[in-house]
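# A look at the structure
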Amino acid sequence: QVQLVESGGGLVQAGGSLRLSCAASGRTFSSYAAVGWFRQAPGKEREFVAAINCVGLFSTNYADSVKGRFTISRDNAKNTVYLQMNSLKPEDTAVYYCAAGRSRSERSEEYNYWGQGTQVTVSS
């Protein structure tokens, strides 16, 4: 079983940047097919943000709302997945979660293990 810990959240002005980290312990990310980032804003359902393969090619996919602004990457040596967020908007405000699962899917049901989340707040 893997434990996931997110970090890097905080308060930033619109147009600013943050880099989130998802560190794994217990098992390496290579034990799973993919790692995804999801987010949940107050009063809204959890939504997909981005995902990356854990082995082989660094294939990625993104939600339309973040394409061109967010970049997901992984560092196998550090057993960490990152989410670089640029040109942040107030609507990006949410708790961001990373998750490890069996496919690079936009469906949260495909992910078995979840972190506790990190708060991102973007002020206008």
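Residues numbered from 1 in each chain as written. Predicted model: local features only at pLDDT ≥ 70, side-chain atom pairs only at ≥ 80, totals over all residues. Heavy atoms only, no water.

## Examining the state of the cysteines
As a reminder, the rule being used: Only a pair of cysteine sulfur atoms within 2.5 Å counts as a disulfide in this structure description. Note on conventions: DSSP H or I runs of at least 4 residues are helices, E runs of at least 2 residues are strands, and numbering of each starts at the N terminus. Burial classes: relative accessible area under 20% of the type maximum marks a residue as buried, over 50% as exposed, and values in between as partly exposed (1.4 Å probe, protein chains only).
Counting across every chain of the model gives one disulfide. With a sulfur-sulfur separation of 2.0 Å, Cys22 is cross-linked through a disulfide to Cys98. Of note, the bridge from Cys22 to Cys98 carries an S-S torsion of about 65 degrees and is right-handed in sense. Taken together, the residues span a long stretch of sequence, with Cys22 in strand β3 (residues 18-25) and Cys98 in strand β9 (residues 94-101) at a distance of 76 residues. In terms of burial, Cys22 and Cys98 fall into one category: buried. Just so you know, Cys54 is unpaired, no disulfide at all, and the nearest cysteine sulfur is the one on Cys22, 9.3 Å from it. The exposure class assigned to Cys54 is buried, which follows from its relative accessible area of 2%.

## Describing the packing of aromatic side chains
Which entries qualify depends on this criterion: Each Phe, Tyr or Trp ring (for Trp, its six-membered ring) is paired with any other whose centre lies within 6.5 Å, and the angle between the two planes then decides the class: stacked below 30 degrees, edge-to-face above 60, tilted in between. Should the NZ of a Lys or the CZ of an Arg lie within 6 Å of a ring centre and within 35 degrees of the ring normal, that charge is described as sitting over the ring.
Under the counting rule described, the total for this entry stands at five aromatic pairs. Between Tyr32 and Tyr113 the ring centres are 5.6 Å apart and the planes differ by 70 degrees, which places this aromatic pair in the edge-to-face class. In this pair, Tyr32 sits in the loop between β3 and β4 (34-40) while Tyr113 sits in strand β10 (residues 111-114), placing the two residues 81 residues apart along the sequence. By relative accessible area, Tyr32 is classed as buried at 9%. The class for Tyr113 is partly exposed, based on a relative accessible area of 24%. Considering the side-chain rings of Phe38 and Tyr111, the 5.2 Å spacing of their centres and the 80 degrees angle between planes classify their relative orientation as edge-to-face. Residue Phe38 is located in strand β4, and its partner Tyr111 is located in strand β10; the two are separated by 73 residues in the primary sequence. Grouping residues by exposure puts Phe38 and Tyr111 together as buried. Ring-pair connections join several aromatic residues into one group, and the members of that group are Phe38, Phe48, Tyr111 and Trp114. When the ring centre of Phe58 is taken as origin, the NZ or CZ atom of Arg74, which lies over that ring, is 3.9 Å away.

## Things to note about the pairing of strand β1 (residues 3-7)
So the rule is basically this: By definition, two strands form a pair when at least two bridges between them are found by DSSP.
Here β1 shows a buried face lined by Leu4 and Glu6 and an unburied face lined by Gln3, Val5 and Ser7. Strand direction decides the pairing type here: β1 and β3, joined by five bridges, are antiparallel. What sits directly across from Glu6, in β3, is Cys22.

## A few points about the environment of Gly16
To be explicit about the condition: Any two residues whose heavy atoms approach within 4.5 Å at even a single point are treated as in contact.
Residue placement: Gly16 occurs in the loop between β2 (10-13) and β3. The exposure class of Gly16 is buried, given its relative accessible area of 18%. In this structure, the C-alpha to C-alpha distance between Gly16 and Lys89, residues 73 residues apart in sequence, is 8.3 Å. The contacts of Gly16, once residues within four sequence positions are left out, are Met85, Asn86, Ser87 and Leu88.

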